[in-house]
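Structure assessment
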Amino acid sequence: MTLPRVYPIIDSAAWIPRLAPQGVRVLQLRIKGATEEAVRTEILAARAYCSAAGVQLIVNDYWRLALAAGCDFVHLGQGDLDGADIPALRRAGVRLGISTHDESELERALALRPAYVALGPIYPTLLKVMPWRPQGLARIGEWKRRIGALPLIAIGGLTPERLAGVFAAGADVAAVVTDIVQAADPEARVRQWLAVADSVDEPARAVARGERA
């Protein structure tokens, strides 16, 4: 499976009509501290927006609501895995992304045959207080060697200026929260993210074009 290089994480479906027209093709809906009914409403709205815009929606945590809404991709943290009905998600054809922070969590994730593995925080993050120290670029390379062709998502403290190093270290995708949604101009900021990711990949595309010529 191949995912787009830039993976914004949002807390409301209202972000989708703002970010999708800028070129975003995958989004994670991550809602904290809301009632189940409010989350259900947000998931249904996000699914409708993403379906219309051709964007892959990934729902964080609320796997039951995602399943009921007909979503096909969920992301679970290690704590969320404890109560998740993984066989039910498999039967419904729902793909699964899993957060990891250390070796034991990576082993647990790989045993569940996820669609991708996320590693973080790569750098210090403004989003929340983390019990883990920043992983750093070397850890990205270590994780990528472990998981092989499985997509590796880097998350935590990322900015466009750090993208080249993150991708060079082995990450396939960069997930981003605050650097876009807290920007003075989120639309311009996400365009910058996408442009930088595209520029990082251009040399490889040029080589591929030369090989085909």
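Please refer to the structure higher up on the page.
To start, this report covers the structure provided alongside it. (Residues numbered from 1 in each chain as written. Predicted model: local features only at pLDDT ≥ 70, side-chain atom pairs only at ≥ 80, totals over all residues. Heavy atoms only, no water.)

1. Considering the pairing of strand β6 (residues 116-119)
Which entries qualify depends on this criterion: The buried label applies to any residue whose accessible area, calculated with a 1.4 Å probe on protein chains only, is under 20% of its type's maximum; exposed applies above 50%, and partly exposed to all values in between. Segments assigned H or I by DSSP are reported as helices when at least four residues long, segments assigned E as strands when at least two residues long, and all are numbered from the N terminus. When DSSP finds at least two bridges between two strands, those strands are taken to pair. Handedness is read with the strands pointing away from the viewer; a crossover is right-handed when the path from the first strand over the helix to the second is clockwise.
Alternating residues of β6 divide into Tyr-116 and Ala-118 and Val-117 and Leu-119, and every residue in both groups is buried. As paired strands, strand β5 (residues 95-100) and β6 are joined by 4 bridges and run parallel to one another. Paired with Thr-100 across the bridge in β6 is Leu-119. With respect to chirality, the unit in which β5 leads through helix α6 (residues 103-111) into the neighbouring parallel β6 is right-handed.

2. Section: the pattern of salt bridges
For side chains bearing opposite charge, pairing can occur when the charged atoms are close. Cut-off, in case you're wondering: Salt bridges are defined by distance alone: a side-chain nitrogen of Lys or Arg within 4 Å of a carboxyl oxygen of Asp or Glu.
A complete count under the given rule lists 11 salt bridges for this structure. Note that Arg-95 and Asp-72 form a salt bridge whose closest N and O atoms lie 3.7 Å from each other. With Arg-95 in strand β5 and Asp-72 in the loop between α3 (63-69) and β4 (73-76), this pair connects stretches of sequence that are 23 residues apart. Accessibility expressed as a relative area gives 34% for Asp-72, which makes it partly exposed. Sharing partners across several salt bridges, the network here consists of Glu-36, Glu-37 and Arg-40.

3. Re α6
Formally: For this quantity, the arc is that covered by the directions from the helix axis to the C-beta atoms. Whether two residues are in contact is decided by their heavy atoms: any pair within 4.5 Å suffices.
Every buried residue of α6 is accounted for by Glu-105, Leu-106 and Ala-109. Taken around the axis of α6, the buried residues stretch over an arc of 100°, which confines them to a single face. Where α6 is buried, its residues touch α4 (78-81), β5, β6 and α7 (136-147). Looking at the residues trailing α6, positive phi occurs at Arg-113, about 50°.

4. Comments concerning the sheet that holds β4
Just so we agree on the cut-off: For helices, the fitted axis covers only the stretch in contact; all axes are lines through C-alpha atoms, and the angles between them, taken along N-to-C directions, range from 0 to 180 degrees.
A barrel is described by the order of its strands in space; here 8 strands give the closed sequence β1-β2-β3-β4-β5-β6-β7-β8, paired in parallel fashion. Sheet twist, expressed as the average angle between the axes of neighbouring strands with direction ignored, equals 25°. Looking at chain direction, strand β1 (residues 6-10) and strand β2 (residues 26-29) are connected through 2 bridges and run parallel. Looking across to β2, one finds that Ile-9 is bridged to Gln-28. Across the sheet, helix α2 (residues 36-53) is in contact with β2 and β3 (56-60); its angle to β3 comes to roughly 165°. Sheet strands touched by α6: β5 and β6. Its angle to β5, the strand with the most contacts, is close to 170°.

5. Describing α2
Since one α-helical turn is 3.6 residues long, residues separated by three or four positions face the same way. Using the following cut-off: Helix span is expected to be 1.5 Å times the residue number reduced by one.
The first and last C-alpha atoms of α2 sit 25 Å apart over 18 residues, in line with the 26 Å expected at 1.5 Å per residue. Of all the residues in α2, the buried ones are Val-39, Ile-43, Ala-46 and Cys-50. The buried residues of α2 all sit within an arc of 70° when viewed along its axis, so they share a single face. Exposed residues lying more than 90 degrees from the buried face of α2 are Ser-51 and Ala-52. Of the surrounding secondary structure, the elements contacted by the buried residues of α2 are α1 (16-19), β2, β3 and α3. Among the residues trailing α2, Gly-54 stands out with phi positive, at a value near 70°.

6. As for the environment of Leu-163
For Leu-163, the location among the structural elements is in helix α8 (residues 160-169). Spatially, the C-alpha atom of Leu-163 lies 8.0 Å from that of Val-200, the residues being 37 residues apart in sequence. Those residues in contact with Leu-163 that sit more than four places away from it in its chain are Ala-174, Trp-193, Val-196 and Ala-197.

7. Remarks on the environment of Leu-119
Looking at the secondary structure, you find Leu-119 in strand β6. With a relative accessible area of 1%, Leu-119 lands in the buried category. Between the alpha carbons of Leu-119 and Ala-154 there is a distance of 5.2 Å; along the sequence they are 35 residues apart. With sequence-adjacent residues up to four places away left out, Leu-119 is seen in contact with Thr-100, Gln-135, Arg-139, Ile-140, Trp-143, Leu-152, Ile-153, Ala-154 and Ile-155.

8. Things to note about the packing of aromatic side chains
Here is the rule we go by: Here a pair means two rings of Phe, Tyr or Trp (six-membered ring of Trp) with centres within 6.5 Å. Their orientation is stacked below 30 degrees between planes, edge-to-face above 60, and tilted elsewhere. By the criterion adopted, a ring carries a charge over it if an Arg CZ or a Lys NZ lies within 6 Å of its centre and within 35 degrees of its normal.
The tally for this structure, following the rule as stated, stands at 2 aromatic pairs. Centroid distance Phe-73 to Tyr-116: 5.7 Å. Interplanar angle 40°. Geometry classified as tilted. Separated by 43 residues along the polypeptide, Phe-73 in strand β4 and Tyr-116 in strand β6 bring together distant segments of the chain. Each member of the pair, Phe-73 as well as Tyr-116, is classed as buried. Among the aromatic residues, those joined into a cluster by ring pairs are Tyr-7, Phe-73 and Tyr-116. Lying across the ring of Phe-167, Arg-5 places its NZ or CZ 3.8 Å from the centre. Above the ring of Tyr-123, the side-chain terminus of Arg-162 is found at 3.9 Å from the ring centroid.

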